[in-house]
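# Secondary and tertiary structure notes
So you can see what is in the structure, the chains are spelled out below.
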Amino acid sequence: MKYDDASWHYGGDFPDDLPEEAAATHIGMFLAWAITNDLAGELHSADSKDSIQKVKNRSMTGREFLLKERDEKFTDEDLNEEGNLFAQYYYEGENDDYGKYLADYEETLLSGLPSMYHVDDTWENFDKLESRIGKAYKEWKSVG
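The present account deals with the structure reproduced in this document. As the structure is a prediction and not an experimental result, all values here were calculated from the model.

Quick look at unusual backbone geometry now. Here D71, not a glycine, exhibits a phi torsion of approximately 50°, which is positive. Here D71 lies in the loop between helix 4 (62-69) and strand 2 (73-75). Looking at D71, the relative accessible area reads 52%, which means it is exposed. Its identity is not glycine, yet E72 carries a phi of approximately 75°, on the positive side.

We now examine helix 4. Taken together, the buried positions of helix 4 are G62, R63, F65 and L66. All buried residues of helix 4 fall inside an arc of 160° around its axis, so they share one side. Against the buried residues of helix 4 lie helix 1 (25-36), helix 2 (42-47), helix 3 (49-56) and strand 2. Directly beyond the C-terminal end of helix 4, a positive phi value near 50° is found at D71.

This brings us to the packing of helix 6 (residues 100-109) against helix 7 (residues 123-143). In a pair of packed helices, the angle between the axes and the distance between the axes together describe the arrangement. Following both chains from N to C, one finds helix 6 and helix 7 inclined at 135°, their axes separated by 10 Å at the closest point. Taken as axis vectors, helix 6 and helix 7 run oblique relative to one another. Once helix 6 is placed against helix 7, the crossing between them reads as right-handed. When helix 6 is examined against helix 7, the residues Y101, D104, Y105, E107, T108 and L109 are found in contact with a partner set consisting of N125, K128, L129, R132 and I133. In the contact of helix 6 with helix 7, the residues fall into five nonpolar, two polar and four charged.

If you walk through the whole model with that rule in mind, you get 13 salt bridges. For R63, the salt bridge identified is with D121, shortest N-O distance 3.4 Å. With R63 in helix 4 and D121 in the loop between helix 6 and helix 7, this pair connects stretches of sequence that are 58 residues apart. With respect to class, R63 is no different from D121; both count as buried. For the salt bridge of D104 with R132, the shortest nitrogen-to-oxygen distance reads 2.8 Å.

Each α-helix winds once per 3.6 residues, and so residues spaced three or four apart point in a common direction. Of all the residues in helix 3, the buried ones are S51, I52 and V55. Along the long axis of helix 3, the arc covered by the buried residues comes to 105°, so they all point the same way. Opposite the buried face of helix 3, by more than 90 degrees, sit the exposed residues K49 and D50. Among the structural elements, helix 1, helix 2, helix 4 and helix 7 are those in contact with the buried residues of helix 3.

Counting 41 residues, the largest nonpolar core has F30, F74, F86, Y101 and Y105 as its most contacted members. Those elements that place two or more of their residues in this core are helix 1, helix 3, helix 4, helix 5 (81-92), helix 6 and helix 7. Ranked by residue count, the leading element in this core is helix 1, at eight residues. Sequence-distant contacts of F86, that is, excluding residues within four places in its chain, are made with F30, W33, Y91, I133, A136, Y137 and W140.

The method is simple in principle: a probe with the dimensions of a water molecule rolls over the atoms, and the space it marks as empty is what remains. Across all of its chains, the model carries one cavity of 30 Å³ or more by this definition. Lining the largest cavity are G28, M29, A32, T61, G62, R63, D121, T122, W123 and F126. Taken together, the residues that form the lining of the largest cavity break down as four nonpolar, four polar and two charged.

The rules behind each value
Residues numbered from 1 in each chain as written. Predicted model: local features only at pLDDT ≥ 70, side-chain atom pairs only at ≥ 80, totals over all residues. Heavy atoms only, no water. Helix = DSSP H or I, 4+ residues; strand = E, 2+ residues; numbered from the N terminus. Buried < 20%, exposed > 50% of the residue type's maximum accessible area, 1.4 Å probe, protein only. Arc of directions from axis to C-beta. Contact = heavy atoms within 4.5 Å. Axes fitted to C-alpha atoms, helices over the stretch in contact; angles between N-to-C directions. Parallel < 35°, antiparallel > 145°, perpendicular 65-115°, else oblique. Left-handed = near helix turned anticlockwise from the far one by under 90°. Nonpolar A, V, L, I, M, F, W, Y, C, P; charged D, E, K, R; others polar. Salt bridge = Lys/Arg side-chain N within 4 Å of Asp/Glu carboxyl O. Core = buried A, V, L, I, M, F, W, Y, C linked by side-chain atoms within 4.5 Å. 1 Å grid on protein atoms, 1.4 Å probe; cavity = no way out; pocket = protein on both sides within 12 Å on 5 of 7 lines; lining within 4 Å. Points joined across faces, edges and corners; volume = space filled by probe spheres on them.

Put into structure tokens, the structure is as follows:
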């Protein structure tokens, strides 16, 4: 199952003044959170072990990982079983619509920016978002 793909965002209201990789920032931040919380799928323990370690030690962002290792696509292969259950709840939401993740992303990082694509791909921004994702994860675990 494909959760998201940066190429899905290039059309429509994607800003002309930004490089296409800006469409991968929101995806990469969620993926970085999953990686740093040991929710990455088995695929990565074999195929992208070095890049996983780089994300964990913050020498590669989640967006860079997504672009280098996953060809801009975020799928169920990227996560383990627990990670997928959480992503289905928080990232994907109901009826293949975005779940609460995108709302949390925008609420946390969009202040004063013209669009979600203008969020800088930095560990500082990740740190702001990480606690929101962690809180949602704890809530999900407590009701699951």
